[in-house]
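Secondary and tertiary structure notes
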Amino acid sequence: MSNKLISIPVQVLQDRSISVLEAISYYLKETKNLTYHQIALLLNRNDRTIWTCYQRAKKKKEVKT
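Anyway, here's the lowdown on the structure attached to this text. (Residues numbered from 1 in each chain as written. Predicted model: local features only at pLDDT ≥ 70, side-chain atom pairs only at ≥ 80, totals over all residues. Heavy atoms only, no water.)

Looking at the environment of E22
Going by this rule: Secondary structure elements follow DSSP: runs of H or I no shorter than four residues count as helices, runs of E no shorter than two count as strands, and numbering proceeds from the N terminus. We call two residues in contact whenever any of their non-hydrogen atoms come within 4.5 Å of each other. In the analysis that follows, any N or O atom pair within 3.5 Å is treated as a polar contact, provided that within protein one partner can donate a hydrogen and the other can accept it, and provided that, for residues neighboring in sequence, both atoms belong to side chains.
Summarising the element assignment, E22 is placed in helix 1 (residues 20-30). Once the C-alpha coordinates of E22 and K58 are considered, the two residues, 36 residues apart in sequence, prove to be 8.7 Å apart. Setting aside residues no more than four positions away along its own chain, E22 makes contact with C53, R56, A57 and K60. Among the polar contacts listed, one links the side chain of E22 to the backbone nitrogen of S19, at a separation of 2.9 Å.

Regarding the nonpolar core
To keep things clear, this is the line we draw: Take the buried residues of types Ala, Val, Leu, Ile, Met, Phe, Trp, Tyr and Cys, join any two whose side-chain atoms come within 4.5 Å, and each joined set is a nonpolar core. Think of it in three bands: with a 1.4 Å probe and only protein chains considered, a residue is buried below 20% of the maximum accessible area for its type, exposed above 50%, and partly exposed in between.
Counting residues in each nonpolar core, the largest one holds eleven residues, listed as V12, I18, A23, I24, Y27, L28, L34, I39, A40, I50 and A57. Residue contributions to this core peak at four residues, all from helix 1. Sequence-distant contacts of L28, that is, excluding residues within four places in its chain, are made with I6, I8, N33, L34, I39 and L42.

In structure tokens, the structure reads:
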């Protein structure tokens, strides 16, 4: 992945039922179609951490709707 700039709209962080990392992970996976590994590199986190955050956000969003 190249060093391109990825912007995240502030509206992504408005949902207070999920953490900031969950919200960003969910947004990048769903909207930007990035892999867990790509997101982990961007955020300087472990792939498994990103997977866990994404799964938690997905579950919380399902319960909400």
